[in-house]
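# A closer look at the structure
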Amino acid sequence: MTWNLWWRFGPFEQRLAAIIETIRSVDPDIVCLQEVWSNGDRDVADELAAALGLHAVRTDPVVWNGESFGNAILARWPVERIASLPLPNAAGEPGHRRVVAAEVATPWGPWPIASTHLDHRFDASASRQGQIRHLLELGIEWRGDPTSDLPVIVGADLNAVPDSDEVRLLTGRSPGVDGIVFTDVWEQVGNGPGHTWRAENPYSTDSAWPNRRLDYLLTSWPRPKPVGNPTRVWNVATKPLEVDGVSVWPSDHCAVVADFVTP
């Protein structure tokens, strides 16, 4: 499951309860989160993990005015962070966008998982392409032996549509990094457009974006098939929930959930 949890909209406590309810309804083994809020007193990743009985790791926070957002991985099994790294900005220098990677101690062995969030501006395709290229290079480091080891699964808010240059680079449609591409799970087994940014969500009322599929679950290739192949994928958090008499959308993004073949 992957989900962007931008925190600057709506009543905080009700939204947190709606997020917990939504994740609990899916009962996922692993959750990739983006834009997870924290400050000196609270860390939402830790609060979600405690409420759901999951283990958690997160990126080192990027702090502005005492608050921060970052990426996190929650897992049913013990999880060890193996990387918290900046992605390049438009100038090719380390930027404020980050990726967190972890090994999850699954019953099938240590499984590499990553969560990330790319630049959001409409006109930032060139920057996102640099970030994707860096992600591919890191993926080679994290996946181990592609003929025998478990593939890397990435949950990401790419802030890009499937036919964009950056997603084409990631999925092998344009020259990328030799030796690795990623399968877009929705493209393989999804039904319908899979929009995760939707006009009916009140948090997107003033957005310049139309309905778009911006959020992805991805699995690395080559891999020892069929391990890592998706069997189904769907969206959740597609409507508001009633919490303490308040109708709230859990996030400005819908979540993406998928099942994968295990050894």
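It should be noted that the structure appears before, not after, this text.
As a starting point, this report considers the structure included with it. As the structure is a computational prediction, the values presented were derived from the model and not from experiment.

Empty space among the atoms becomes visible once a probe the size of a water molecule is rolled across them. The tally for this structure, following the rule as stated, stands at two cavities of 30 Å³ or more. By volume, the largest cavity is sized at about 50 Å³. For the largest cavity, the full set of lining residues is Thr59, Asp60, Val62, Phe69, Gly70, Asn71, His96, Arg97, Arg98 and His117. Broken down by secondary-structure element, the contributors of at least two residues to the lining of the largest cavity are strand E5 (67-75) and strand E7 (94-106). Partitioned by chemical class, the residues of the lining of the largest cavity number two nonpolar, five polar and three charged. The space that makes up the second largest cavity amounts to roughly 40 Å³. Around the second largest cavity, the lining residues are Asp184, Val185, Trp186, Gly194, Thr196, Arg213, Asp215, Tyr216, Leu217, Asn235 and Val256. Elements with a minimum of two residues in the lining of the second largest cavity: helix H5 (185-189) and strand E11 (215-221). For the lining of the second largest cavity, the class distribution of residues is five nonpolar, three polar and three charged.

What follows deals with the packing of aromatic side chains. Counted according to the given criterion, the structure contains three aromatic pairs. For the pair Phe12 and Trp37, a centre-to-centre distance of 5.3 Å together with 65° between the ring planes defines the contact as edge-to-face. In this pair, Phe12 sits in helix H1 (residues 12-26) while Trp37 sits in strand E2 (residues 30-39), placing the two residues 25 residues apart along the sequence. The interplanar angle of 85° and the centroid separation of 5.8 Å between the aromatic rings of Trp77 and Trp108 together place this pair among those described as edge-to-face. In this pair, Trp77 is assigned in the loop between E5 and strand E6 (79-88) and Trp108 in the loop between E7 and strand E8 (109-117), connecting sequence segments 31 residues apart. Overall, Trp77 belongs to the buried group, its relative accessible area being 16%. Following the ring pairs from residue to residue traces out a cluster consisting of Trp77, Trp108 and Trp111. The ring of Trp234 carries Arg232 above its face, with NZ or CZ at 4.1 Å from the centroid.

Procedures and definitions
Residues numbered from 1 in each chain as written. Predicted model: local features only at pLDDT ≥ 70, side-chain atom pairs only at ≥ 80, totals over all residues. Heavy atoms only, no water. 1 Å grid on protein atoms, 1.4 Å probe; cavity = no way out; pocket = protein on both sides within 12 Å on 5 of 7 lines; lining within 4 Å. Points joined across faces, edges and corners; volume = space filled by probe spheres on them. Helix = DSSP H or I, 4+ residues; strand = E, 2+ residues; numbered from the N terminus. Nonpolar A, V, L, I, M, F, W, Y, C, P; charged D, E, K, R; others polar. Phe/Tyr/Trp six-rings, centres within 6.5 Å; stacked < 30°, edge-to-face > 60°. Buried < 20%, exposed > 50% of the residue type's maximum accessible area, 1.4 Å probe, protein only. Lys NZ or Arg CZ within 6 Å of the ring centre and 35° of its normal.

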